[in-house]
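# Structure assessment
Okay, here's what each chain looks like letter by letter:
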Amino acid sequence: EEWGLLAKARAEKVAKHAALSAPNVFLPRLLLCCGMPSPSFYTMLGRLDKMGDSSTDSGKTYKEMISPTAVSEWGLPGIGSRRIIKRKLYGRILAYLRIHGKHTEEIETQELSTVKSSFVSWLSAGNICSDNTQKKHSKSQAITGIANNVKSCMTDSDDFDDLMGEEEGAEKLGDIWSRNDSKNVTTDGSLAPNEIVSRDFVNSCVDSDQCNVLEESLDLIMAKSLYSKEIKGTAAAKTLLASYKSFHHNPSFVQILLKWVPVLTRDRGEDHLWQLIFIEETEQIVDWCHLKSLVCDCALRWSDEHIAACQEWIVSQQTKNSPWKGVCSLGLVLRFLVVSSEQKSIHCLDYDDNAHLHFPYAQSQECAISLTKIALYYVSLEDSGVIANDSQKEGGGGANAKRNSLPDWLVLVLLVGKSHQALITRLILEKIDGTRYALVLSSVLLRLHVMSPLKMNLSDSKLRNVLLQASNDHLPAWLHWRCPLDSQLSEMLFNLTKYPHQRLVQSVIDIAKQHPLIFVRHLNDISQKLLEDGSGRDSDQQRLMKRGRIFGKHPSGDAVAKIGDHTVKVNIVLWGYSFNEPVWTSVTDVLMALPLEVVFTCGAKIGLTEILETYLKLFGVQMELNSESNIIRVRDKFLNLIESFRKCNAKAFEDWMQRDVSDWHNVGNVRQLFSAAGVLIC
């Protein structure tokens, strides 16, 4: 529809560019539009001519462009068969050629087939003969063929004329007609296309290596479904699915299955069809990739009504005892639910709050509970070792801890959790106790918290403990998960370490109290910013502003350098000679505002100790400069932080004191670094 509007634009340049840019499959559809300007029309016609001239068989190329599969993408239900479409194109192009002036004389004096266009010639070739002649010829051939078949089946003593007047003869003739129609075999022994694709017909096509006949039959069914109310596509799709186990080793048949089942079932489905796709075909699964591809294509091609009906059927299956036959069946269901959602990609989540508004199973709590149970049941099977083949195991090797390429069950839980986070959190908390896969479930809660930190209610102490434990168990993977607050926090911390002021400090303290686990993910960034402040330059080697900075001088004074005949004074500046006191005091205030169990357990593993060591290094440098007065305020707050660390997590504190820091001024460990900084630890 959009391409049609562009191709009919009043601006000739816009129309011509649209004709040049439109996909090949839409060119015949666009030629059927009314009001096409001359540049757009002749550009499309030229593109079609080039396609035909560049192919070895132009007729086949053009035929594929108006095949039922291609026509189904046009969005014109009931447009008709190939013959009808060719006639419509023929008439529309003839009208355009007369309107736009080119070839006018040729059209008035000759047939359209003489116009120098391969596409026009192909269209006109099928319309030269009159319909009446074709009908009379086909009728005479049919009557002659029936008579010959009847005569060949009669014995020498049978009289054909007498037989036609008797009742018994009429029954025989009817029987002969049925046999002639059911054979679908040509005179040379090859199969002929059939509108009814039965199991025997599929077997005959595959066994005789005539899969092209099977595809022609499906093409015929698809063509008739465009302008007929007969429903044969679903029956043909079910026949293909029922034959999959017998011919899964045949690449031609598998290709036909993957191509035609989603197309034939695009607009309608039923319980038996869904049973074949999700349940019966997984009993003795032979190729997991084929079935996953089939399910993905179905989710992408089916109409919204069909997808909604299938999702409703999936939810209804939860009321039955053991509806899904193993983890393979569950895997297909999960893949379908994820692909058919509003999610743009299954590899990274969309944080748009409105993304779930058209998510059918995100509307009611009952559906949310059912689908979450499907996902958690899959996790239980996965944890119990039912999945022996890593190729079938969704994201094997701890995929639920990755940033991208998440397993389908986890994507489904997160999608449902967008609109029912409290409900999903409660369900998972109930299952954590006494389950062998508690570690996996805790990671789900942690990811829900990181994904939507503003929605999760942290007033529940059990939930806080689970999140804290999960944050320790999944280090460092969870530090790389996406969080909508990361960009906001990064900007606030950047400003805090550049231009600190009281209002900004209070804002950072507030967000640290509300979302402590999200905040500690940025402790390494704070450590890096403090190192930059101590050097006096930022990451781009630009000098930091002097406002609020305290400068120290080398005890020996300025150095003297001789350059030629001139003598100049040189200021020696090393790391820690200057620092911004408000920045360093603000960081200690923010750290002390964090919950102690968060900052001194999880935080101690992801950047807190590096921050504390940076403070000690600054104190040591200032002591060497005999500038102890410069660090009095900062050191007092630092000592309060150290004392809290030792009381809250004594083991982690002692381990840190033994850490090797010999890369700094040849100091042995952290305890010796304390001594060099003039900080006494009792």
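This text goes with the structure placed above it.
Please read these numbers as outputs of a predicted model, since none were measured by experiment.

## Some details on the overall build of the chain
Of regular secondary structure, the chain possesses 36 helices and four strands. Across the 682 residues that make up the chain, the buried fraction comes to 47%. Nonlocal contacts in the chain, meaning residues at least 24 apart in sequence, comprise 68% of its contacts between residues at least 6 apart. A total accessible area of about 34,900 Å² is found for the chain, and carbon and sulfur atoms account for 50% of it.

## Quick notes on the nonpolar core
Counting 153 residues, the largest nonpolar core has Leu-214, Phe-278, Phe-336, Phe-519, Leu-616 and Trp-656 as the members making the most contacts within it. Among the elements that line this core, the one with the most residues is helix H21 (residues 326–339), at nine residues. Leave out the neighbours within four places in its chain, and Phe-278 touches Val-295, Cys-310, Trp-313, Ser-329, Leu-332, Val-333 and Phe-336. One finds Leu-32, Trp-74, Ile-85 and Tyr-96 within the second-largest nonpolar core, a separate group that totals 31 residues.

## What to know about the packing of helix H31 (residues 581–593) against helix H33 (residues 608–624)
The contact between H31 and H33 brings their axes to 12 Å, and the two run at 145 degrees. In this structure, H31 meets H33 at a crossing whose hand is left-handed. Residue-level inspection shows Trp-584, Val-587, Thr-588 and Leu-591 of H31 in contact with H33, the latter providing Leu-608, Ile-611, Thr-614, Tyr-615 and Leu-618. For the contact of H31 with H33, the per-class residue count stands at seven nonpolar, two polar and no charged.

## Quick look at the pattern of salt bridges
Tallied over the full model, the rule gives 17 salt bridges. Linking Arg-549 and Asp-533 is a salt bridge whose minimum nitrogen-to-oxygen distance equals 3.0 Å. Placement of the pair is Arg-549 in strand E1 (residues 549–551) and Asp-533 in helix H30 (residues 523–535), with a sequence separation of 16 residues. On the basis of relative accessibility, which here comes to 10%, the residue Arg-549 falls in the buried class. Taking relative accessible area as the criterion, Asp-533 reaches 2% and is therefore assigned buried. Salt-bridge contacts for Arg-659 lead to Glu-613; the nearest nitrogen and oxygen are separated by 2.9 Å. With Arg-659 in the loop between helix H35 (650–657) and helix H36 (670–676) and Glu-613 in helix H33, the pair connects residues that are 46 residues apart, well separated along the chain.

## Things to note about unusual backbone geometry
The linkage connecting Leu-475 with the following residue, Pro-476, adopts the cis geometry, with an omega of -5 degrees. Looking at where Pro-476 falls in the secondary structure, it is placed in the loop between helix H26 (461–473) and helix H27 (486–496). Phi angles above zero are rare outside glycine, and Asn-626 is one such case at about 60 degrees. For Asn-626, a relative accessible area of 66% corresponds to the exposed category.

## What about the side chain of Asn-250?
Relative to the assigned elements, Asn-250 resides in the loop between helix H16 (244–247) and helix H17 (251–264). A polar side-chain atom of Asn-250 sits 3.0 Å from the main-chain amide nitrogen of Ser-252. Apart from the residues lying within four places of it in its own chain, the contact partners of Asn-250 are Val-206 and Cys-211.

## Quick look at the side chain of Thr-61
Along the chain, Thr-61 falls in helix H5 (residues 58–65). Those residues within four positions of Thr-61 in sequence are excluded, and the remaining contacts are Met-51 and Ser-55.

## As for the packing of aromatic side chains
A full pass over the atoms with the stated rule returns 22 aromatic pairs. Considering the side-chain rings of Tyr-62 and Trp-122, the 5.5 Å spacing of their centres and the 45 degrees angle between planes classify their relative orientation as tilted. In this pair, Tyr-62 is assigned in helix H5 and Trp-122 in helix H9 (residues 118–125), connecting sequence segments 60 residues apart. Of the two residues, Tyr-62 and Trp-122, neither departs from the other in class, the shared state being buried. On the numbers, 5.4 Å between centres and 85 degrees between planes, the contact of Phe-619 with Phe-638 is edge-to-face. Taken together, the positions of Phe-619 in helix H33 and Phe-638 in helix H34 (residues 632–648) put the pair 19 residues apart, joining distant regions of the chain.

Rules of the game
- Residues numbered from 1 in each chain as written.
- Predicted model: local features only at pLDDT ≥ 70, side-chain atom pairs only at ≥ 80, totals over all residues.
- Heavy atoms only, no water.
- Helix = DSSP H or I, 4+ residues; strand = E, 2+ residues; numbered from the N terminus.
- Buried < 20%, exposed > 50% of the residue type's maximum accessible area, 1.4 Å probe, protein only.
- Contact = heavy atoms within 4.5 Å.
- Areas by Shrake-Rupley, 256 points an atom, 1.4 Å probe, with all protein chains shown as cover.
- Core = buried A, V, L, I, M, F, W, Y, C linked by side-chain atoms within 4.5 Å.
- Axes fitted to C-alpha atoms, helices over the stretch in contact; angles between N-to-C directions.
- Left-handed = near helix turned anticlockwise from the far one by under 90°.
- Nonpolar A, V, L, I, M, F, W, Y, C, P; charged D, E, K, R; others polar.
- Salt bridge = Lys/Arg side-chain N within 4 Å of Asp/Glu carboxyl O.
- Polar contact = N/O pair within 3.5 Å; in protein donor to acceptor, adjacent residues only side chain to side chain.
- Phe/Tyr/Trp six-rings, centres within 6.5 Å; stacked < 30°, edge-to-face > 60°.

Note that all results are geometric; they support no functional claim without further evidence.
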